[in-house]
Amino acid sequence: MGSKHILAGVALAAGLLAGGPASAQDTIKIGLVQSMSGPLSAIGRQIMGGVNLYIQQHGNTVAGKKIEIVLKDDTAVPDMAKRLAQELIVNEKVNILGVGITPVAMAIAPLATESKTATVIMVSGTSVVTDRSPFYVRTSFTLGQQSQIIAEWALKNGSKKVVIVQSDWAPGAEATAVFTTVYTKGGGQILETIKVPLANPDFAPFLQRARDAGPDSLFVFVPAGQAGTFARQFVERGLDKSGIKLIGPGDITDDNDLPGMGDAMLGVVTAGFYSASHPSAMNKAYVAAFKKANNGLRPNFISLGGYDGMHLIYEALKKTGGKTDGEALVNAMKGMKWESPRGPISIDPETREIVQNVYIRKVEKVDGELYNTEIATFAAVKDPGKTAKK
Ligand code: PHB
């Protein structure tokens, strides 16, 4: 299915949002560098679903200024992202940036710092990213936040031996490191850590190796967009009938892919910060509106980084009275608290990191569809990477 169509739709929406003949001073430009095509295009689609829905619901005027979105497709290539960010800052003169995946956020950090541009990290899930620029503020998540919680849960539920299967890039390394630290400290044993390439992953041979090691549980991190493929190969290799439990951060039962994953996933337990079945009135409305605007696509955890990222930008602009000075905006963002479709969230004023609930969820069938049903809540979880450094 054509990402071209989606891109055209986004460009059109952005064009319409730019609206009438507003002068430069009346317009605030938000430059987005997101992975709209390439191996992680499922992420770009979810982020823009969140961004566009927020604008649709809250209008395109804030503090008396018109909001204009300028979207650039980094195709998940950091060098390309850096060039695009440069263009956005120098030629387009954007006032604010919204940035996606970890390698892209790492590449853009020096530019955000030099140009003093307030930048919302909407996708990246690695702790180190927000240390790279004092102008970075995160609305996504960290893998550490979720991996520590699932490690504790596994130990409490009698798990003793785990094999880790991780996608081989920065967020995978963080998921593994945090899970391993907490799990081994609590007496668990890591039998093996298996790394799977990020691009065009074939999980089958790795799954066979994992099974042969004889763990009671398999801890898996794959990024958004790969959970469906993983689940299919998990079943093809017969691991669903092996008695080995599948656990991980929420990415492995991504709401984007979950409806197509099949009953073999029933009972899989993950630690995640967002479920499409989170039982709040706000979330029910969010899911319905998102589906309506996106051909029935279910919003996943990625979409919230875009939706809440826009909220953070809008509220910060209200506080500064429309001033876009980077330091003023970042200061306005620090300590901000609000209710999101995922639950209550805030920005840690010391670290510019998102603080959010992490839920233990179990895959269940509700009205004939698979969902991550939340069964326990860990409130206001901070990024353990930052806490460890203090
Ligand atoms: C990241 O860019 O750090 C990232 C992307 C997708 C995920 C998790 C982490 O599912």
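Residues numbered from 1 in each chain as written. Predicted model: local features only at pLDDT ≥ 70, side-chain atom pairs only at ≥ 80, totals over all residues. Heavy atoms only, no water.

Visitor: Is there a simple way to explain the overall build of the protein in this structure?
Guide: When helices and strands are counted, the protein shows 12 helices and 15 strands. The C-alpha radius of gyration computed for the protein amounts to 20 Å, which stays within 12% of the reference 21 Å derived for 390 residues, consistent with globular compactness. For the protein, restricting intrachain contacts to residue pairs at least 6 apart in sequence, the fraction spanning at least 24 positions comes to 68%. Only carbon and sulfur atoms are counted for the fraction: they give 53% of the accessible area of the protein, which is about 15000 Å². In the protein, which carries 41 positive and 36 negative side-chain charges, the distance between the mean positions of the two groups comes to 2 Å. (Helix = DSSP H or I, 4+ residues; strand = E, 2+ residues; numbered from the N terminus. Rg over C-alpha atoms; globule rule 2.2 N^0.38 Å. Contact = heavy atoms within 4.5 Å. Areas by Shrake-Rupley, 256 points an atom, 1.4 Å probe, with all protein chains shown as cover. Lys, Arg positive; Asp, Glu negative; His and termini not counted. Charge placed at Lys NZ, Arg CZ, Asp CG, Glu CD.)

Visitor: What's the story with the sheet that holds strand S5 (residues 118–121) in this structure? I'm lost.
Guide: If you walk across this open sheet you meet the 6 strands as S2-S3-S1-S4-S5-S6, and the pairing is mixed. The open sheet has two free edges, formed respectively by strand S2 (61–62) and strand S6 (136–138), since each of these has just one partner strand. Bridge analysis of strand S1 (residues 27–34) against strand S4 (residues 96–99) gives 4 bridges, and the strand direction is parallel. By the bridge assignment, Val 33 is partnered in S4 with Val 99. (Pairing = 2+ DSSP bridges.)

Visitor: Can you help me understand the packing of helix H10 (residues 301–320) against helix H11 (residues 326–333) in this one?
Guide: Helix packing geometry: the angle between the two helix axes and the distance between the axes. Put simply, H10 and H11 touch, their axes get as near as 9 Å, and they point 110° apart. Considering the angle they form, H10 stands roughly perpendicular to H11. Pair H10 / H11 crosses with right-handed handedness. Side by side, H10 and H11 meet where Leu 312, Ile 313, Ala 316, Leu 317, Lys 319 and Thr 320 of the first sit next to Ala 328, Leu 329, Ala 332 and Met 333 of the second. Taken together, the residues of the contact of H10 with H11 break down into 8 nonpolar, 1 polar and 1 charged. (Axes fitted to C-alpha atoms, helices over the stretch in contact; angles between N-to-C directions. Parallel < 35°, antiparallel > 145°, perpendicular 65-115°, else oblique. Left-handed = near helix turned anticlockwise from the far one by under 90°. Nonpolar A, V, L, I, M, F, W, Y, C, P; charged D, E, K, R; others polar.)

Visitor: Honestly, the site of the ligand in this entry has me stumped. Any pointers?
Guide: In the vicinity of the ligand, 15 residues are found, and the nearest of them are Ile 101, Thr 102, Gly 125, Ala 224 and Asp 251. Within the backbone of Ala 224, one N or O atom sits 2.9 Å away from an oxygen atom of the ligand. In this structure, an oxygen atom belonging to the ligand sits 2.6 Å away from a side-chain N or O atom of Asp 251. Its free accessible area being 280 Å², the ligand has 100% of it covered by the protein chains. Grouping the amino acids of the shell around the ligand by side-chain chemistry returns 11 nonpolar, 3 polar and 1 charged. (Near = heavy atom within 4 Å. Polar contact = N/O pair within 3.5 Å; in protein donor to acceptor, adjacent residues only side chain to side chain.)

Visitor: For this particular structure, what's the right way to read the confidence of the model for the protein?
Guide: Detailed reading of predicted coordinates is not advised where the pLDDT is low. Of all residues in the protein, 94% have pLDDT values of 70 or greater, and the mean over the chain is 94. In this model residues 18–22 is a low-confidence stretch, pLDDT under 50, and it forms 4 contacts with partners more than four residues away in sequence or in other chains. (pLDDT = per-residue confidence, 0-100.)

Visitor: Teacher, can you tell me more about the environment of Asp 251 here?
Guide: Residue position: Asp 251 is located in the loop between strand S10 (245–249) and strand S11 (269–272). Residue Asp 251 is classed as buried on the basis of its relative accessible area of 3%. Along the backbone, Asp 251 and Asn 331 are 80 residues apart, and their C-alpha atoms lie at a distance of 31 Å. Those residues in contact with Asp 251, other than ones at most four positions away along the chain, are Leu 143, Gln 146, Phe 221, Val 222, Ala 227 and Phe 301. (Buried < 20%, exposed > 50% of the residue type's maximum accessible area, 1.4 Å probe, protein only.)

Visitor: How do you make sense of the nonpolar core when you look at a structure like this?
Guide: In globular proteins that are soluble, nonpolar side chains generally tend to be buried together. Formed by 92 residues in total, the largest nonpolar core has its most connected members in Val 51, Ile 108, Phe 179, Met 310 and Ile 313. The element contributing the most residues to this core is H10, with 10 residues. Not counting chain neighbours up to four residues away, the residues in contact with Ile 108 comprise Val 33, Ala 81, Lys 82, Ala 85, Leu 97, Val 99 and Tyr 136. Counting 25 residues, the second largest nonpolar core, distinct from the first, contains Phe 203, Leu 207, Leu 239 and Val 268. (Core = buried A, V, L, I, M, F, W, Y, C linked by side-chain atoms within 4.5 Å.)

Visitor: Sorry if this is basic, but what is going on with the pattern of salt bridges here?
Guide: Should the charged atoms of two oppositely charged side chains come close, the side chains can pair. Within this structure, the stated rule accounts for 14 salt bridges. Three or more residues are tied together by salt bridges with common partners; here these are Arg 138, Glu 353, Asp 383 and Lys 386. (Salt bridge = Lys/Arg side-chain N within 4 Å of Asp/Glu carboxyl O.)

Visitor: Help me understand H10, please; the structure alone is not making it clear to me.
Guide: Count 3.6 residues to each turn of an α-helix, and residues three or four apart come out pointing the same way. Relative to the 28 Å expected for 20 residues at 1.5 Å per residue, H10 spans 29 Å between its end C-alpha atoms, a close match to the ideal helical length. Most of H10 is tucked away, with 17 of its 20 residues classed as buried. N-cap assignment for H10: the residue whose side-chain oxygen lies 3.0 Å from the backbone N of Ile 302 is Asn 300. At the exit of H10 stands Gly 321, carrying a positive phi of roughly 65°. (Expected span 1.5 Å × (residues − 1).)

Visitor: Before we go on, may I ask you to explain the side chain of Asp 255 in this structure?
Guide: Its location among the elements puts Asp 255 in the loop between S10 and S11. Each residue touching Asp 255, except ones within four places of it in the same chain, is listed here: Tyr 274, Ser 275, Ala 276, Arg 298, Pro 299, Asn 300, Tyr 371 and Asn 372.

Visitor: Teacher, can you tell me more about H11 here?
Guide: Taken together, the buried positions of H11 are Gly 326, Leu 329, Val 330, Ala 332 and Met 333. Buried residues along H11 cover an arc of 160° about the axis, so they all sit on one side. Gly 335 sits one or two positions beyond H11 and adopts a positive phi of about 85°. (Arc of directions from axis to C-beta.)

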